[in-house]
Amino acid sequence: MNTKEKNFISAVVYLHNDGARATEFCRAVAAQLEEHFAQYELVAVDDACTDDTVESLRAWGKEQSAPLTILHMSLYHGLENAMNAGLDAAIGDYVYEFDSTQMAYPVDCIFKAYQTALQGNDIVSVCPAVSRSGSELFYKIFNAYSRSPYRLRTDAFRLVTRRAINRVHASSAHLPYRKAAYAASGLKMADLVFDGRMTEKQPGRFNLAIDSLALYTDAGFKVSMGITLCMLVLALAELFYTVVVFLTGHPVAGWTTTMFVITVGFAGLFAVLTIVVKYLSLLLDLTFKQQKYLVESIEKLQK
């Protein structure tokens with residue numbers, strides 16, 4: 001009797017110069033999916049790999065039974081845009097998002113994430129018990145200023161339902177940070193924690209962190225308001241100092257103090273302008289950038 005799950009499952013894997021590890025990772029994922037699901041597919045996103053990653057994966061894909069789609073990006077897009085392309089190509093009722101081929105977690109976490117999703121969770125994040133200090137600081141700031149009731153944390157991979165994907169794509173055509181978009185979707189989320197940590201750091205995460213704080217939290221607004229209020233206090237202090245000098249009739253003294261106040265005031269002004277320019281840059285990209293990503297070709301492999 002076939003007891004495999006009947007939901008169609010997609011696994012989207014991000015690849016950028018992962019070498020032979022990409023094949024080993026996809027083999028491990030495919031084995032789990034084959035064991036537990038009647039229908040599934042693998043979607044590998046080739047983000048302009050320049051090593052033997054694609055050749056190795058292509059050779060393996062011709063030998064195994066599960067459908068394998070290799071999505072070749074026209075140029076290097078980075079994690080988020082490349083994964084968005086992979087999500088658009090996936091057709092599963094449930095979609096695994098593997099942002100890295102580093103498997104620091106027990107392989108059975110893959111099916112455990114699905115079981116957790118069946119309990120009514122549209123987004124399941126599989127998270128290490130220990131994370132880097134820089135990541136902890138970012139999520140602490142993000143969660144403090146985010147309007148979402150869910151607390152984000154470092155994750156190794158996640159499983160999302162088709163409803164979650166449709167919800168976030170309906171809210172915005174561009175998803176600069178999928179994890180934050182899921183948290184802001186209003187759908188139920190759950191964390192599945194494993195004993196371990198992610199040791200590799202992906203490039204471009206700092207810029208992504210800044211964009212995420214600007215788009216999905218009130219951090220930028222509150223910082224700019226704080227700077228503005230400090231500038232106001234400094235301006236009032238300068239006004240008070242000028243009035244005192246005028247009323248006492250003493251010669252103007254304290255030139256150094258005056259210049260200090262003016263300098264700090266202008267520094268605050270430029271800091272606010274920097275934040276404003278960042279917001280304008282993001283709005284320009286999200287509003288007028290019509291092409292989310294460029295796909296060179298789609299290669300489907302099946303034995």
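Everything below is about the structure printed above this text.
Residues numbered from 1 in each chain as written. Predicted model: local features only at pLDDT ≥ 70, side-chain atom pairs only at ≥ 80, totals over all residues. Heavy atoms only, no water.

A. Inspection of the overall build of the chain at higher detail. When helices and strands are counted, the chain shows ten helices and eight strands. Once local pairs closer than 6 in sequence are excluded, the contacts in the chain between residues at least 24 apart make up 84%. (Helix = DSSP H or I, 4+ residues; strand = E, 2+ residues; numbered from the N terminus. Contact = heavy atoms within 4.5 Å.)

B. Summary view of helix α5 (residues 133-145). Across its 13 residues, α5 extends 19 Å between first and last C-alpha, which sits within 8% of the 18 Å expected from 1.5 Å per residue. What α5 keeps buried is the set S135, F138, Y139, F142 and N143. Considered in projection along α5, the buried side chains sweep an arc of 125° and stay on one side of the axis. Turned more than 90 degrees from where α5 packs its buried face, S133, L137, K140 and A144 sit exposed. The elements touched by buried residues of α5 are α7 (178-183) and α8 (205-216). (Expected span 1.5 Å × (residues − 1). Buried < 20%, exposed > 50% of the residue type's maximum accessible area, 1.4 Å probe, protein only. Arc of directions from axis to C-beta.)

C. Representation of the packing of aromatic side chains within the structure. Going through the model one piece at a time under the given rule, you end up with 13 aromatic pairs. Look at Y105 and F157: their rings are 4.9 Å apart centre to centre, the planes differ by 50°, and that puts the pair in the tilted class. Separated by 52 residues along the polypeptide, Y105 in the loop between β4 (94-98) and α4 (109-117) and F157 in strand β6 (residues 157-161) bring together distant segments of the chain. Taken together, the ring pairs in this structure connect F25, Y96, F98, Y105, F157 and F194 into an aromatic cluster. (Phe/Tyr/Trp six-rings, centres within 6.5 Å; stacked < 30°, edge-to-face > 60°.)

D. Up close: the side chain of T101. By secondary structure assignment, the location of T101 is in the loop between β4 and α4. Here the side chain of T101 touches R21 through a polar contact of 3.0 Å, side chain to side chain. With residues near it in sequence (within four places) discarded, T101 still touches V13, Y14, L15, D18, R21, A22 and F25. (Polar contact = N/O pair within 3.5 Å; in protein donor to acceptor, adjacent residues only side chain to side chain.)

E. The pairing of strand β3 (residues 68-73), seen in detail. Of all six residues making up β3, six are buried, and the element is well covered by its neighbours. Side chains L68, I70 and H72 project from β3 onto one buried face, and the interleaved T69, L71 and M73 project onto a second face that is buried too.

F. Spatial organisation of the nonpolar core. L33, L42, Y96, F98 and F157 are the most contacted members of the largest nonpolar core, which totals 40 residues. Not counting the four nearest positions on each side in its chain, L42 is found in contact with A11, C26, V29, A30, L33, W60, P67, L68 and T69. Within the second largest apolar cluster, 34 residues are counted, among which are A85, V95, A164 and L175. (Core = buried A, V, L, I, M, F, W, Y, C linked by side-chain atoms within 4.5 Å.)

G. Quick look at unusual backbone geometry. At N17, a residue that is not glycine, the phi angle is positive and equals roughly 55°. In this structure, N17 sits in the loop between β1 (9-15) and α1 (20-36).

H. Geometry of the side chain of S125. If you trace the backbone, S125 turns up in strand β5 (residues 123-128). Judged by relative accessible area, S125 falls into the buried class, the value being 6%. Ignoring sequence-local partners within four residues, the contact set of S125 consists of D155, F157, R158, A190, D191 and L192.

I. The arrangement of the pattern of salt bridges in detail. A complete count under the given rule lists twelve salt bridges for this structure. Of the charged contacts in the structure, one is a salt bridge between D122 and R163, with a shortest N-O distance of 2.5 Å. You can see D122 sitting in the loop between α4 and β5 and its partner R163 sitting in helix α6 (residues 162-171), a full 41 residues away along the chain. The salt bridge involving D155 is made with K179; its shortest N-O contact spans 3.3 Å. Taken together, the residues span a long stretch of sequence, with D155 in the loop between α5 and β6 and K179 in helix α7 at a distance of 24 residues. Each member of the pair D155 and K179 is classed as buried. Residues joined by salt bridges that share partners form a network here, namely E80, E97, D99, D155, R158, R178 and K179. (Salt bridge = Lys/Arg side-chain N within 4 Å of Asp/Glu carboxyl O.)

J. Here's a closer look at a nonpolar patch on the surface. On the surface, I262, F266, L269, F270 and L273 cluster together to form a nonpolar patch covering roughly 460 Å² of accessible area. As for its position among the elements, F266 is in helix α10 (residues 255-288). (Patch = residues over 30% accessible without salt bridge, like charges linked within 9 Å, V, L, I, M, F, W, Y side chains within 5 Å. Areas by Shrake-Rupley, 256 points an atom, 1.4 Å probe, with all protein chains shown as cover.)

K. Region of interest: the packing of α1 against helix α2 (residues 53-61). Where α1 meets α2, the closest approach of the two axes is 7 Å, and the angle between their N-to-C directions is 35°. Two packed elements cross with a definite hand, and for α1 against α2 that hand is right-handed. Counted together, A20, A22, T23, C26, R27 and A30 of α1 and T53, S56, L57 and W60 of α2 form the full contact between these two elements. In terms of residue class, the contact of α1 with α2 is made up of six nonpolar, three polar and one charged. (Axes fitted to C-alpha atoms, helices over the stretch in contact; angles between N-to-C directions. Left-handed = near helix turned anticlockwise from the far one by under 90°. Nonpolar A, V, L, I, M, F, W, Y, C, P; charged D, E, K, R; others polar.)

L. Examining the environment of I227 more closely. By secondary structure assignment, the location of I227 is in helix α9 (residues 219-248). For I227, the contacting residues outside a window of four places in its chain are G268, A271 and V272.

M. Layout of the environment of A190. Locating A190 in the fold gives a position in strand β7 (residues 189-194). Since its relative accessible area comes to 15%, A190 is described here as buried. C-alpha separation for the pair A190 and G120, spaced 70 residues apart in sequence, amounts to 9.4 Å. Leaving out residues up to four positions away in the same chain, A190 has contacts with T116, N121, I123, V124 and S125.

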